[in-house]
Amino acid sequence: MNKKYMFISGKEIIMRIFLRPITEADGKKIVKWRNAPQVVRHCFNRVLVTEESNRDFYKAHVETGHYKQYIVERVDEDFGVASYAIATVYLKDMDIINRRCELCIFTSDDEEWNTESQSIAIKLLLEKAFCEFGMHKVYSYVFSEFQDEIELLKSAGFEEEAILKKEALSVDGSYVDAYRMVVFSEV
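In this report, the structure presented in the accompanying data block is examined. None of the values given here were measured: they were computed from a predicted structure.

A short note on the layout of surface pockets
Okay, step 1: In this structure, the largest pocket occupies an estimated 820 Å³ of space.
Okay, step 2: Together, 31 residues line the largest pocket, and Arg34, Cys43, Tyr90, Lys92 and Phe106 are the ones closest to its centre.
Okay, step 3: Going through the elements one at a time, helix H1 (27-35), helix H3 (51-62), strand S4 (82-95), strand S5 (100-105), strand S6 (137-143) and helix H5 (147-155) are the ones with two or more residues in the lining of the largest pocket.
Okay, step 4: A class-by-class count of the residues in the lining of the largest pocket yields 19 nonpolar, seven polar and five charged.

See below:
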């Protein structure tokens, strides 16, 4: 389990985050998170999902192994040991032949899904991609307007691979550029 140390009012706090494989029972949380306006703004496909469409997606993509999706759990040790879901992250388009895949994260309105926890989750997911699934390349797409996400990915070792001009239609109806960010296995 990964530890992240934070200091609040001079007191050391240990933030523990872990990834657990998603289950079909997580569907309600996924639908809520995915349909949140701040998440939809970051997606190429902005069509809202339903519990039924999410269940179909789960069966077609997660159960088949094309997507490796995880619930980001925050361990709370203040009142005994408990954990609770704060977000979801996943690897998709698992190309076993060329050993590459795409990394995706959902933004969330959970106050604990912040830069610190996102950074930990991305690093844990990269560890899975490289060590568990044998990928040599992981890429992610970010709209140019989200500079904080670009910086977050850079802090996890990603670099800009390409700028895709006018790649997607934004919420306001204009076309926006998308950055393809990439990180390679050190092995």
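Let's pick the thread back up.
Details of the environment of Phe143
Okay, step 1: For Phe143, the position within the fold is in strand S6.
Okay, step 2: When the C-alpha atoms of Phe143 and Lys166 are compared, they prove to be 9.7 Å apart, with 23 residues separating the residues in sequence.
Okay, step 3: Excluding anything up to four places from it in sequence, Phe143 contacts Arg41, His42, Cys43, Phe44, Arg46, Ile150, Ala168, Val176, Asp177 and Ala178.

Re the packing of aromatic side chains
Okay, step 1: Tallied over the entire structure, the rule returns six aromatic pairs.
Okay, step 2: Considering the side-chain rings of Phe57 and Tyr67, the 4.9 Å spacing of their centres and the 90° angle between planes classify their relative orientation as edge-to-face. Placement of the pair is Phe57 in helix H3 and Tyr67 in the loop between H3 and strand S3 (68-76), with a sequence separation of ten residues.
Okay, step 3: Taking the relative accessible area as the measure of exposure, Tyr67 reaches 10% and is therefore buried.
Okay, step 4: Each ring, one from Tyr67 and one from Tyr90, has its centre 5.6 Å from the other, and the planes form 15°; the classification is stacked. With Tyr67 in the loop between H3 and S3 and Tyr90 in strand S4, this pair connects stretches of sequence that are 23 residues apart.

Regarding H1
Okay, step 1: Taken together, the buried positions of H1 are Gly27, Ile30, Val31, Trp33 and Arg34.
Okay, step 2: Looking at the buried positions of H1, the neighbouring elements they touch are helix H2 (37-40), H3, S3 and S4.

Points about H5
Residues that lie three or four places apart on an α-helix share one face, since the helix turns once every 3.6 residues.
Okay, step 1: Along H5, the residues that are buried comprise Glu149, Ile150, Leu152 and Leu153. Down the axis of H5, the buried side of the element spans an arc of 160°, and every buried residue falls inside it.
Okay, step 2: Buried residues in H5 make contact with S5, helix H4 (115-132), S6 and strand S8 (175-184).
Okay, step 3: Gly157 sits one or two residues past H5 and shows a positive phi near 105°.

Overview of the nonpolar core
Okay, step 1: Ranked by size, the top nonpolar core spans 36 residues in total, and within it Val72, Leu103, Leu126, Val138 and Phe158 carry the most contacts.
Okay, step 2: When contributions to this core are tallied by element, the ones reaching two or more residues are strand S2 (11-21), S3, S4, S5, H4, S6, H5 and S8.
Okay, step 3: Among the nonpolar cores identified, the runner-up in size contains 14 residues, and Ile22, Cys43, Tyr90 and Phe106 belong to it.

Section: the environment of Met135
Okay, step 1: By secondary structure assignment, the location of Met135 is in the loop between H4 and S6.
Okay, step 2: Note on Met135: relative accessible area 1%, which makes it buried.
Okay, step 3: Separated by 38 residues in the primary sequence, Met135 and Ile97 have C-alpha atoms spaced 9.5 Å apart.
Okay, step 4: Setting aside anything within four residues of it in sequence, one finds Met135 in contact with Met94, Asp95, Ile96, Arg99, Arg100, Cys101, Ala129, Phe130 and Ser185.

Calculation notes
Residues numbered from 1 in each chain as written. Predicted model: local features only at pLDDT ≥ 70, side-chain atom pairs only at ≥ 80, totals over all residues. Heavy atoms only, no water. 1 Å grid on protein atoms, 1.4 Å probe; cavity = no way out; pocket = protein on both sides within 12 Å on 5 of 7 lines; lining within 4 Å. Points joined across faces, edges and corners; volume = space filled by probe spheres on them. Helix = DSSP H or I, 4+ residues; strand = E, 2+ residues; numbered from the N terminus. Nonpolar A, V, L, I, M, F, W, Y, C, P; charged D, E, K, R; others polar. Contact = heavy atoms within 4.5 Å. Phe/Tyr/Trp six-rings, centres within 6.5 Å; stacked < 30°, edge-to-face > 60°. Buried < 20%, exposed > 50% of the residue type's maximum accessible area, 1.4 Å probe, protein only. Arc of directions from axis to C-beta. Core = buried A, V, L, I, M, F, W, Y, C linked by side-chain atoms within 4.5 Å.

By themselves these figures say nothing about function.
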